[in-house]
Amino acid sequence: MRKIVPLLGALIATLTFCLVPVGSASAFGAEQLECRIVSGPIVPAFAPGECFPNNPAGSYSVSFEVFNGTGSYTYTWTVPSGFSGYAGCGSTDPGCAFSVGATRADKLINASVVVHQGGSSETLTAQADVPATCPFPPNFAFC
């Protein structure tokens, strides 16, 4: 009986270890799509929460980027056509940027990306607000 108790204890410990659920190595689902608008050409540095330009200009760089991800992903970007200078926007790019010319009408630019990790995927969306910008020689002003 004395030999059975330690063996029984070892067996219970082994089974307990094998039956303990192990969580995923990633935190899929916490990702966010952020946008940024800056005056002028496409700038690679990115700070989320700047989705409205701080200065009126003749052109803007509109950038979207996936934040709060862990692990490796692939991306399927859907961005509007009709803009120039696309950068990123590929299947391995967490960001997508392009140039937008100033106009006298507000522009709402919607972008979405499907984020894939393992067998899971989710769709993220964001909207950039490019305000109407008018020439105000020698510069520009929000109309």
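Predicted, not measured: the structure shown is a model, and the values here were computed from it. (Residues numbered from 1 in each chain as written. Predicted model: local features only at pLDDT ≥ 70, side-chain atom pairs only at ≥ 80, totals over all residues. Heavy atoms only, no water.)

(A) Structural context of the state of the cysteines. Tallied over the entire structure, the rule returns three disulfides. Disulfide pairing places Cys-89 opposite Cys-96 at an S-S distance of 1.9 Å. Looking along the S-S bond of the Cys-89-Cys-96 disulfide, the torsion reads about 80°, which is the right-handed sense. When the bonded cysteines of the protein chain are numbered from the N-terminus onward, they pair as 1-2, 3-4, 5-6. (Disulfide = S-S within 2.5 Å.)

(B) View of the sheet that holds strand E3 (residues 74–78). With antiparallel pairing, the three strands of this open sheet are ordered in space as E3-E6-E7. A single partner strand is all that each edge strand has here, and the edge strands are E3 and strand E7 (120–130). Mean inter-strand twist for the sheet, computed between neighbouring axes without regard to direction, equals 20°. Here eleven bridges tie strand E6 (residues 107–117) to E7, and the two strands are oriented antiparallel to one another. Among the inter-strand pairings, His-116 is bridged to a residue of E7, identified as Ser-121. (Pairing = 2+ DSSP bridges. Helix = DSSP H or I, 4+ residues; strand = E, 2+ residues; numbered from the N terminus. Axes fitted to C-alpha atoms, helices over the stretch in contact; angles between N-to-C directions.)

(C) Spatial organisation of the nonpolar core. Residues Val-62 and Phe-64 are the most contacted members of the largest nonpolar core, which totals 23 residues. Among the elements of the structure, strand E1 (32–39), strand E2 (59–67), E3, strand E5 (95–101), E6 and E7 are those that each provide at least two residues to this core. (Core = buried A, V, L, I, M, F, W, Y, C linked by side-chain atoms within 4.5 Å. Buried < 20%, exposed > 50% of the residue type's maximum accessible area, 1.4 Å probe, protein only.)

The analysis is restricted to geometry; functional conclusions fall outside its scope.
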